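For reference, the chains in residue letters:
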Amino acid sequence: MRAEDPNAEFVSQRHELFGFIYALVRDVHDAQDLVQEVWLRFAAAMESGVRIEKPAAWCRGTAKKLILHHWRDKANDKVLVDSELLELVELAFSEQEQEQEIWHLRRQALAHCVQALPEKSRRLLALRYECGDPVAKIAEALHQSLGSVMMALSRLRRVLQKCVQDKLAADLTGNIEYP
Amino acid sequence: MKTLRELMDSWEDGSLSPEDRRQLKGWLRQPDTRAQIREECCFYGLLHEVLSRAEPVLRAQPETEPATAHNQFPRRPASFFGRWLAAPFHARPALAWSFFALLLVAGFCIWYFRPAPLGYISQSGEGVLITHAGKNYPARPGATLAAGDSVVVPQFASAAFRWKSEASRFCLSPETEIRVNQTRDGKQLNLSNGVLKAVVVRQAPRQPLVVTSPGAVAKVLGTQFTLSTSSKGDRLEVVEGAVEFADVQHQRPSVTLHAGDSAAALRGLPIQVEPIGGAAWWQVWVAGTSALADDLPVGSNTLYQDYLGAAYTLVWSYPFISDWSRRYRESVRGFITPEQTGVYTFYMMSQEASELWLSRDTSPANKLRIAYTPARASGAPLAETWNWVLRPGLDQTALRGKPWNKFPAQKSAPQKLIAGQRYYFEALHELVPGDCLAVVWSRPDDDFPAETVPGRVLSPLRH
């Protein structure tokens, strides 16, 4: 399904774009900046009358260039991504565009699962994926070892993914109602 | 081999190694795992979105402290300074910038209020020291002199220093000690021992350079002079300009010396002003392209000029020359007035090329070259087996066994000189580091090199 308003389509798919960018820059703040930059370019292209058939693909193409610039600017940092990996990830995103309804269900399920977590776990997730703090900084703030924080985050991700899968499966069979 | 889950964890933690990356690419090339990876990536997007929407409490801004998720965790109590010190700079940019600004301000204050240097050492021999705040430091070229510093020159060395922001320069002989200072009344030098030769540019009105020695004071408003002090008293010779000279020890009226004048403040005697005698006129200049005998110093290329108390030039080791990449020449000119009639033999002593010219009377036009040291081959080093400068009468133990009259041309033909008659002479020399010239003569009716031509038979000729 493609929305008639490209801007609306961009907004509805921005989590996918964020996921794509975040996978390749691994920094929440940088990913947010790049999403913002893609959005600005997308809006400018729309205003100038450019006809964009597939906004998601267009945005990923723009994001690819920005990600490459991002890594060039951070030449002194440890390089996590090369152009080949970038192309492969882009391939993964381009061949499986999901319907908005599925995304909506997944988002609802995830929100429910997050809410069900203990407060301490939710805050740990927030530090990492909302505030975008590096794991080392979180470990320092919590007076815990780096390894234990990484382990806790990994465990939380698995718990959430399993929770979402379970809820989606239950939703499809009509057994669960979201608040 | 990592599992896909382990690989995704490494990717998320930013610890993806090159090997991990290769493996990840392998997973991405397989359609089923590619979809799984995509799901994983999209999960982060969803999670970010869900957290941003579902946890408004984490983004609220309390009045006292920025709200981050950190606030929700119990913290180890710490003082402000403890937290300030413990916090990494990159995590607290405001603190880091404050700290660097503080450092900048402190650095500026130290720079602004530092003791301003009065001058700097332009040339120094081995063992020359600067005494600063009671401690001794090596006086290397470029070392600065602050108010109250002393320069101490040991035996067998010399030194020179310049005043900051002006062309005044001061040369110090061996065994000299001088203290520098500057007040609102002008520059002050205190010579406690040794010999100071000074070339002083015109000073500001009412701010003369004042040179004090144990028994005398010289006020200088721009001139060139030599002030020496010893146990017998203080002696001043003025080369250029005028100097007011006062015997402070005996409270006698001051006298003004002009170019060519000398005066001595001897213990128990009044100051006597008289023309500089017992000396020859010494000039050092940047070499021209003509032959040594035809090259004359002119105003623009003259580097230094002064009176010499004997016909040799090693006294100073040329402390006024700092750039030895250029070629220099020197001349010693004046009149010889022998005390005894007889036949004298002259020796021209130097390492590098030199020439000795003597006139049969006082006229430079009648001069003839009577002795010379030949030039070494172009580019050849001054080896130990080369010629050395012998100065009879001085301790030259180091030269024992070394050649000093290697070339027959160094020895002149016998010269008949009449007592009391003045004969013009000039000695010319190509200067190289470590070299000097000496004009040596024999006793009457002898041909053995007896002594360097002494100051008592010399009188200067100035051009």
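Just so it is clear, the model here is predicted, and its values are computed rather than measured.

A. Spotlight on the pairing of strand β11 (residues 216-220) of chain B. Residues and elements named next belong to chain B. Counting buried positions along β11 gives 4 out of 5 residues, so the element sits mostly inside the fold. When strand β10 (residues 209-212) meets β11, the two strands line up antiparallel, connected through 4 bridges. What sits directly across from L209, in β11, is V220. Between the antiparallel neighbours β10 and β11 lie 3 residues. Looking at chain direction, β11 and strand β14 (residues 242-247) are connected through 5 bridges and run antiparallel.

B. The interface of chain A and chain B, seen in detail. At the junction of the two partners, chain A supplies 56 residues and chain B supplies 42 residues. Here chain A is connected to chain B by 7 salt bridges. Note that R157(A) and D9(B) form a salt bridge whose closest N and O atoms lie 2.6 Å from each other. Put simply, chain A and chain B have 11 residue pairs in polar contact (both at pLDDT 80 or more) between them. Elements supplying a minimum of two residues to the side of chain A that touches chain B: α2 (14-25), α3 (28-47), α5 (83-94), α6 (100-116), α7 (119-129), α8 (135-142) and α9 (146-172) of chain A. Here the side of chain A that touches chain B is built from residues that sort into 27 nonpolar, 9 polar and 20 charged.

C. Here's a closer look at a nonpolar patch on the surface. Residues and elements named next belong to chain B. Among the surface-exposed residues, F108, W111, Y112 and F113 lie close enough to one another that they form a single nonpolar patch of about 550 Å² accessible area. Turning to its location among the elements, F108 is positioned in helix α5 (residues 93-112). We classify F108 as partly exposed; its relative accessible area is 48%.

Reading the values: the criteria
Residues numbered from 1 in each chain as written. Chains lettered and ligands numbered in written order. Predicted model: local features only at pLDDT ≥ 70, side-chain atom pairs only at ≥ 80, totals over all residues. Heavy atoms only, no water. Buried < 20%, exposed > 50% of the residue type's maximum accessible area, 1.4 Å probe, protein only. Helix = DSSP H or I, 4+ residues; strand = E, 2+ residues; numbered from the N terminus. Pairing = 2+ DSSP bridges. Contact = heavy atoms within 4.5 Å. Salt bridge = Lys/Arg side-chain N within 4 Å of Asp/Glu carboxyl O. Polar contact = N/O pair within 3.5 Å; in protein donor to acceptor, adjacent residues only side chain to side chain. Nonpolar A, V, L, I, M, F, W, Y, C, P; charged D, E, K, R; others polar. Patch = residues over 30% accessible without salt bridge, like charges linked within 9 Å, V, L, I, M, F, W, Y side chains within 5 Å. Areas by Shrake-Rupley, 256 points an atom, 1.4 Å probe, with all protein chains shown as cover.

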